[in-house]
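The primary structure of each chain is shown beneath.
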Amino acid sequence: MNKQNVDHQSMENQKLQIAYIMDPLCGWCYAASPIVEQLRAEYGDKLQWQIYLGGLIRDSRVLGPRFREHILTASQHIEQITGQVIGAGFKALIEQPDSALDSRPASIAIYELILQGDANKTLDYIHRLQNHHFREGFSLNETDLLISATDGLLDDQSGLKKKLSEPKTWSDLMDPLFTQGHNMMTSSEGQGYPTFAIKYRGRYQKVQHEDFYGNPEGLVTALASVISEVVEGRSPALKAIVTERLS
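Residues numbered from 1 in each chain as written. Predicted model: local features only at pLDDT ≥ 70, side-chain atom pairs only at ≥ 80, totals over all residues. Heavy atoms only, no water.

Trainee: I tried to follow the environment of threonine 150 on my own but got confused; where do I start?
Mentor: Positionally, threonine 150 belongs in the loop between helix 8 (143–148) and helix 9 (158–164). Here the alpha-carbon distance between threonine 150 and lysine 121, two residues 29 residues apart in the chain, equals 9.1 Å. Discounting chain neighbours no more than four positions away, the residues touching threonine 150 are Leu113, Tyr125, Arg128, Gln157 and Leu160. Within the structure, threonine 150 has its side chain in polar contact with the backbone oxygen of isoleucine 147 (distance 2.6 Å). Within the structure, threonine 150 has its side chain in polar contact with the side chain of glutamine 157 (distance 2.8 Å). (Helix = DSSP H or I, 4+ residues; strand = E, 2+ residues; numbered from the N terminus. Contact = heavy atoms within 4.5 Å. Polar contact = N/O pair within 3.5 Å; in protein donor to acceptor, adjacent residues only side chain to side chain.)

Trainee: Would you explain the packing of aromatic side chains in this entry?
Mentor: The geometry of an aromatic ring pair is captured by two quantities: the separation of the ring centres and the angle between the planes. Counted according to the given criterion, the structure contains five aromatic pairs. When the ring of tyrosine 20 is compared with that of tryptophan 49, the centres are 6.2 Å apart and the planes differ by 75°; the resulting orientation is edge-to-face. Of this pair, tyrosine 20 sits in strand 1 (residues 16–22) while tryptophan 49 sits in strand 2 (residues 47–53); the two residues are 29 residues apart in sequence, bridging distant segments of the chain. Assigned by exposure class, tyrosine 20 and tryptophan 49 land together as buried. Between the aromatic rings of tryptophan 28 and tyrosine 213, the centroid separation amounts to 5.4 Å while the plane-to-plane angle is 50°, which identifies the pairing as tilted. (Phe/Tyr/Trp six-rings, centres within 6.5 Å; stacked < 30°, edge-to-face > 60°. Buried < 20%, exposed > 50% of the residue type's maximum accessible area, 1.4 Å probe, protein only.)

Okay, here's the thing in structure tokens:
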């Protein structure tokens, strides 16, 4: 194989690395799910997804009146800005006096998919959980739901079942991963969840996804020249304007 063929093959194997720092209980992560799905549909295997867990609520927390009102108000904003439906079941769940939220069990389940090594299956699972929670109103504290939602995605559920059956170990298991996710967010200049960051010219740069709520196709267009440069090896001459929008 000559050098030209080797260079061409290397170019074909290039992917744009995109870090997705999220939390399964994060309403704005659910709001951004059309962006994730649009990027997957448009760019497919040109993207290498790296999923980080943020640990929005690192212990079981019963909702007080102020936190409950905050969630419901944010839910209205999500619907207004993005068009994503927040189901009546979710609102009823939040309004229950004894309702509690905990990022750990769903994050454990997501991480089990991450360990399997198939980012597409992990993203499919996240999408399932978001719909179960924010549309249908299921609590992500329900371990049976978390396990059944892996059907067809997780090859072996036994490890997940064991981890979810031992709540006393949840913090020891997840705190280092939550710290890793938080560090990734801050190093890419993110300020909350979700944060999207692309590895461009040697460093991770935050994508201003907030500009594209309700318009995921716009982000596809904004990323087109980055994809051309990183994946297809084309000239970066057209990239200057896009860099200003993404960084």
